[in-house]
Protein chains: 2
Amino acid sequence: MTLPALKKCDAGPAVAELKTLLGERLSTAAAVREHHGKDVSYHEGASPDAVAFAESTEEVAEIVKICARHAVPVVAFGTGTSLEGHIAALAGGVCIDVSGMKAILEVNQADLDCRVQAGVTRKQLNTYLRDQGLMFPIDPGADASLGGMTATRASGTNAVRYGTMRENVLGLTVVLPDGRIVRTGGRARKSSAGYDLTRLFVGSEGTLGVITEVQLRLYGIPEAIAAAVCSFDSLEGAVDTVIATIQMGVPVARIELLDAVQMDACNRYSSLNYPAQPTLFFEFHGTEQGTREQSEMVGAIAAENGGGEFRWETLAEARNKLWQARHDAYFAALALRPGAGGWPTDVCVPISRLAECIRETQKDIEESGLLAPIVGHVGDGNFHLVYLIDPENAEELARASAHNERMVMRAIAMGGTCTGEHGVGYGKKGFLLAEQGEAVAVMRTLKQALDPQGIMNPGKIFSA
Amino acid sequence: MTLPALKKCDAGPAVAELKTLLGERLSTAAAVREHHGKDVSYHEGASPDAVAFAESTEEVAEIVKICARHAVPVVAFGTGTSLEGHIAALAGGVCIDVSGMKAILEVNQADLDCRVQAGVTRKQLNTYLRDQGLMFPIDPGADASLGGMTATRASGTNAVRYGTMRENVLGLTVVLPDGRIVRTGGRARKSSAGYDLTRLFVGSEGTLGVITEVQLRLYGIPEAIAAAVCSFDSLEGAVDTVIATIQMGVPVARIELLDAVQMDACNRYSSLNYPAQPTLFFEFHGTEQGTREQSEMVGAIAAENGGGEFRWETLAEARNKLWQARHDAYFAALALRPGAGGWPTDVCVPISRLAECIRETQKDIEESGLLAPIVGHVGDGNFHLVYLIDPENAEELARASAHNERMVMRAIAMGGTCTGEHGVGYGKKGFLLAEQGEAVAVMRTLKQALDPQGIMNPGKIFSA
């Protein structure tokens, strides 16, 4: 997508002050700046004037104070794996890279919670937790930072059972646009104590402050985990299986859909050998007996909907390979068309409309002459596709863009949302307005109140 | 608690305009005003100048516009069952009673959601849903309105499994302080589309707008429900059973604690015949096999902690009697001391501190010479007590107040919160500041942005 035209700031004086504060941890090198202004999406990047590598909440606060004094924009950076142009420095300014803030500050095993710095990634945390029998289940495709996952209200394959970042962030430390440090929420499992500031910052995409610490809910690693793969004659059969499973209240941990194109891509990329058909990946968590019961119930539903045999992956190694393949679906898709660029997008609809929404989207892909495999966290009604586009071909991009617009507007018309888990960035601002209407004016009022200078990640979520 | 001193408004001109708009649905009768300014807590009430009985969102918007034009306070009223003085019209003004807005607007059985007007009560909704095999599990003691439950971020006995209003409100219709009508959220199960306005209004206690419609998540009525009662030699044994159950990840639906005093009170009030000992009420939801497995696991934990036999209540009638007794615990407590007034309060702590917090609180009750039975939604770390106070005895009230302060500060010191589910109202404003610190300043900034005249339920949650 073309960059929104924002007036560039004069960052010079702020950068000079930051250099004094940070020394070598303040970079103005072109390659560093470019890397920090472009995420992994198809959206055009925009380099900040400088990148500050912060090491503590207090240091982030000092950096923000300097930027605030000079009215210079601030963009927070975790791993740069966002998908809607979130980190593009549209008005220039300073990128605060928190990837060095990697301390796991506390793990409270008895209370199933922990506190981490914003730069800790989900894999780092899970590796650390494993020996204690604990896990943090939210898993976007990338090994994203927990600060970034909080900022975009990320989710992933486990959300159908464990919820998203919305349900799993208990509290935050945030540096406000004026440099004040504020702690929100707490360790109690529930609270009626005042406004829910935690959830206001979850999903605010760096536009209200910089998240520096996250208090997270944890879970015990289940006694039993069973994964299975089931191929279907038709996409409808697969989706109807999902709908019936959710409606019956079976507490599945994961249900992932791959359409025939995507399954074929994953077979090639990840050396799997499933039929190149619409496919569901399942995972069941619980006791031995409970997972057996769940899988029998779902097996019966699948059989009624044209599903084949369940192929069980009982060994941890095979299971990990399966889910790694699922997480690599994006790269598998890219490999379908060497040299092509990938443009991932997502929507989420009420589950009763899911089959219809995917079917119409797929038909529209064919009619548009596009290559765009579909994968989905279908237990939540959420699905993704990635357009595989020749970067030299403007007409093809325009066709993908038109398709994306039709898909998003279709999802909204079905009572859904323009993004289930990728966020708005600058790529979906127009769709947010179409979806939320007057509510966007309320969001703007909140933004204006907390960030009157408009320095926090300007041009994202909505226009000023 | 003594009423905070707020300057009374001059509501005359607004009331005259409202009379023209609403006719007989605008009351200035003293008895009506008094009823609408006093909740069921021990906190002193304050009557509004008039009560407007609204019938639609549009009408609420008209009423708010008139009040806004005259800078007259607005207090929303559902069933008046709040517990921290939430509905006291501290500066006078107009109470908007939405209890007549009782329409269930839609039930989407396939998507497990519904939309209701704010005056629908939880029991009304569940009666309506039962034939469709659906339920809405959030159950504060009173048969509260869903608008009020949203406004106070209520929960109840099922929260350990199903979450609170925070997790179960999908979207809202809200009349803003200037009379604009805004819809937040949507029907998709997850979304990354912009700021989470829904959760900003959940728990805002009428200080940011008037909630007129609520979109709720629903659940299928479980295939099997099993309830059991287990008595313990000691409070510690009961609490340790809860802690181990949660830590093992057993998906219990309800775990309620009653201390010996409360159990005795419930036996008398609800004609039960359980031992007057520390007692846990359990409920298990799932398949036949799943509930059996859960109950066996918990039974084993209880036995290790000095618990007696599980007394099973398998018939729906006996189960309903059990839970009605639990919901009537407040009235049972009141009956322990005829003529006494009841002052309910609640805190919530990380579960690892629960036994210690309850033990110290109980010891402090004894040392303070107070009568205050303890009940708790202990699976969440949340417990309540009700001080039974001679209304003529100021010294006794002061002793209870001092005890409450010690208990709340103890909970905060343990990483907990000043209120798990009752809210702040005007009764816990000081404690909110002690708990949340600088975050309260952020809350004030948001309030000022959305309600610059300060007309929405003034004097609640924090001082202006």
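Thresholds, definitions, all that
- Residues numbered from 1 in each chain as written.
- Chains lettered and ligands numbered in written order.
- Predicted model: local features only at pLDDT ≥ 70, side-chain atom pairs only at ≥ 80, totals over all residues.
- Heavy atoms only, no water.
- Pairing = 2+ DSSP bridges.
- Helix = DSSP H or I, 4+ residues; strand = E, 2+ residues; numbered from the N terminus.
- Contact = heavy atoms within 4.5 Å.
- Axes fitted to C-alpha atoms, helices over the stretch in contact; angles between N-to-C directions.
- 1 Å grid on protein atoms, 1.4 Å probe; cavity = no way out; pocket = protein on both sides within 12 Å on 5 of 7 lines; lining within 4 Å.
- Points joined across faces, edges and corners; volume = space filled by probe spheres on them.
- Phe/Tyr/Trp six-rings, centres within 6.5 Å; stacked < 30°, edge-to-face > 60°.
- Buried < 20%, exposed > 50% of the residue type's maximum accessible area, 1.4 Å probe, protein only.
- Lys NZ or Arg CZ within 6 Å of the ring centre and 35° of its normal.
- Buried area = accessible area lost by both parts, 1.4 Å probe.
- Salt bridge = Lys/Arg side-chain N within 4 Å of Asp/Glu carboxyl O.
- Polar contact = N/O pair within 3.5 Å; in protein donor to acceptor, adjacent residues only side chain to side chain.
- Nonpolar A, V, L, I, M, F, W, Y, C, P; charged D, E, K, R; others polar.
- Domains from an automatic or database assignment.
- Least-squares fit on C-alpha atoms with pLDDT ≥ 70 in both.
- Expected span 1.5 Å × (residues − 1).
- Arc of directions from axis to C-beta.
- UniProt positions renumbered as here; feature names shortened; annotations may be inferred.

*Asks:* Lay out the sheet that holds strand β4 (residues 94-97) of chain B in plain terms, naming residues and giving numbers.
*Replies:* Residue and element names in this part refer to chain B. Ordered by their spatial adjacency, 4 strands build an open sheet running β1-β2-β4-β3, and the pairing between neighbours is mixed. Either end of the sheet is taken by a strand with one partner, and the two such strands are β1 (26-27) and β3 (74-77). Pairing of β3 with β4 involves 4 bridges; the strand directions are parallel. Counterpart to V74 in the pairing with β4 is V94. Along the sheet, helix α2 (residues 30-37) makes contact with β1, β2 (50-53), β3 and β4, crossing β2 at roughly 80°.

*Asks:* Please provide a residue-by-residue account of empty space enclosed by the protein, values included.
*Replies:* Using the criterion set out here, one finds 1 cavity of 30 Å³ or more in the structure. When its volume is computed, the largest cavity comes out at roughly 90 Å³.

*Asks:* I'd like a rundown of the packing of aromatic side chains, residues and numbers included.
*Replies:* Residue and element names in this part refer to chain A. For the coordinates displayed, the defined rule picks out 22 aromatic pairs over all chains. Pairing F281 with W323 gives two aromatic rings, centres 6.0 Å apart and planes at 80°, and the pair type is edge-to-face. Linking F281 in strand β14 (residues 279-286) with W323 in helix α12 (residues 316-327), this pair joins segments that are 42 residues apart in sequence. Overall, W323 belongs to the buried group, its relative accessible area being 5%. Seen from their ring centres, F284 and W312 are 6.1 Å apart, and the 45° between their planes marks the pair as tilted. Of this pair, F284 sits in strand β14 while W312 sits in strand β15 (residues 311-313), and the two are 28 residues apart along the sequence. The exposure class of F284 is buried, given its relative accessible area of 0%. An aromatic cluster of at least three residues, connected via ring pairs, comprises F282, F284, F310 and W312. Sitting over the ring of W323, R254 keeps its end group 4.1 Å from the ring centre.

*Asks:* Could you give an account of unusual backbone geometry, naming the residues involved and the relevant values?
*Replies:* A positive phi is found at N457 of chain A, a non-glycine position, where the angle reads about 40°. With respect to the secondary-structure elements, N457 of chain A resides in the segment after α17 (438-450). Exposure remark for N457 of chain A: the relative accessible area of 4% places this residue in the buried category. Positive phi, normally seen in glycine, also occurs at I461 of chain B, with a value near 70°. Within the secondary structure layout, I461 of chain B lies in the segment after α17 (438-450).

*Asks:* Account for the sheet that holds strand β8 (residues 169-175) of chain A, naming residues and giving values.
*Replies:* Residues and elements named next belong to chain A. Strand order in the open sheet made by the 5 strands is β5-β6-β10-β8-β9, with antiparallel pairing throughout. Edge positions in the open sheet fall to β5 (104-108) and β9 (181-185), since each of these has one partner strand only. Direction aside, neighbouring strands of the sheet carry axes that sit 10° apart on average. Of the strand pairs in this sheet, β8 and β9 are connected by 5 bridges, and their pairing is antiparallel. By the bridge assignment, V175 is partnered in β9 with I181.

*Asks:* Residue-level account of the interface of chain A and chain B, with values.
*Replies:* Residue-level contacts link 75 residues of chain A with 75 residues of chain B. Both faces considered, chain A and chain B share a buried interface measuring about 6000 Å² in area, 57% of it formed by carbon and sulfur atoms. The three residues of chain A that bury the most area against chain B are K190, S192 and Y195 of chain A, which together make up 16% of that side's buried surface. In this structure, the connection of chain A to chain B is made through 6 salt bridges. D380 of chain A is paired through a salt bridge with K190 of chain B; the nearest N and O atoms lie 3.4 Å apart. Put simply, chain A and chain B have 40 residue pairs in polar contact (both at pLDDT 80 or more) between them. For the side of chain A that touches chain B, the element with the most residues is α17 of chain A, which contributes 10 residues. The residue makeup of the side of chain A that touches chain B, split by class, is 29 nonpolar, 28 polar and 18 charged.

*Asks:* How would you sum up the domain arrangement of chain A? Please name residues and give values.
*Replies:* Along its sequence, chain A is organised into domain 1 (12-97), domain 2 (104-220), domain 3 (224-330) and domain 4 (340-422). The gap between the C-alpha centroids of domain 1 of chain A and domain 3 of chain A is 41 Å.

*Asks:* Kindly report on the pairing of β4 of chain B, identifying the contributing residues and their values.
*Replies:* All names here are of chain B. Side chains of β4 alternate between two faces, with V94 and I96 and C95 and D97 buried alike. By the bridge criterion, 4 bridges tie β2 to β4 in an arrangement that is parallel. Considered in β4, the bridge of F53 is made with D97.

*Asks:* Run through the pattern of salt bridges, naming residues and quoting values.
*Replies:* Summed over the entire model, instances satisfying the criterion amount to 57 salt bridges over all chains. Of the charged contacts, one joins D364 of chain B and R406 of chain B as a salt bridge, the two residues approaching to 2.8 Å between their closest N and O atoms. Here D364 of chain B is found in helix α14 (residues 354-367), whereas its partner R406 of chain B is found in helix α15 (residues 394-413), with 42 residues between them in sequence. Take D364 of chain B: its relative accessible area is 7%, and that puts it in the buried class. Put simply, E360, D364, R406 and R410 of chain A are held in one network by salt bridges that share partners.

*Asks:* Quick one: what's the story with the relation of the copies chain A and chain B, residue by residue and with numbers?
*Replies:* Laying chain A over chain B is done by rotating through 180° and shifting 0.0 Å along the axis; what remains is an RMSD of 0.0 Å. Considering both components of the superposition, the chain copies are consistent with a two-fold axis. A shared binding surface is used by both copies, with 100% of the interface residues of chain A retained as interface residues in chain B.

*Asks:* If you had to explain the environment of L22 of chain A to someone new, which residues and values would you point to?
*Replies:* All names here are of chain A. Along the polypeptide, L22 turns up in helix α1 (residues 12-22). Here the alpha-carbon distance between L22 and E55, two residues 33 residues apart in the chain, equals 10.0 Å. In contact with L22, other than residues within four places in its own chain, are A52, E59 and I63.

*Asks:* How would you sum up α17 of chain B? Please name residues and give values.
*Replies:* For α17 of chain B, spanning 13 residues, the distance from its first C-alpha to its last is 19 Å, which sits close to the expected 18 Å at 1.5 Å a residue. When α17 of chain B is considered as a whole, its buried residues turn out to be A439, V440, V442, M443, L446, K447 and L450 of chain B. One side of α17 of chain B holds all its buried residues, which, seen down the axis, span an arc of 155°. The elements touched by buried residues of α17 of chain B are β9, α8 (197-201) and α17 of chain A together with α8 (197-201) and α16 (429-436) of chain B.

*Asks:* I'd like to hear about the UniProt feature "domain: FAD-binding PCMH-type" (unreviewed entry) in chain A, residue by residue, with values.
*Replies:* As recorded in UniProt, the sites labelled "domain: FAD-binding PCMH-type" (unreviewed entry) are residues 44-221 of chain A. Secondary structure content for residues 44-221 of chain A is 23% helix and 26% strand, while the C-alpha to C-alpha distance between its ends is 40 Å.

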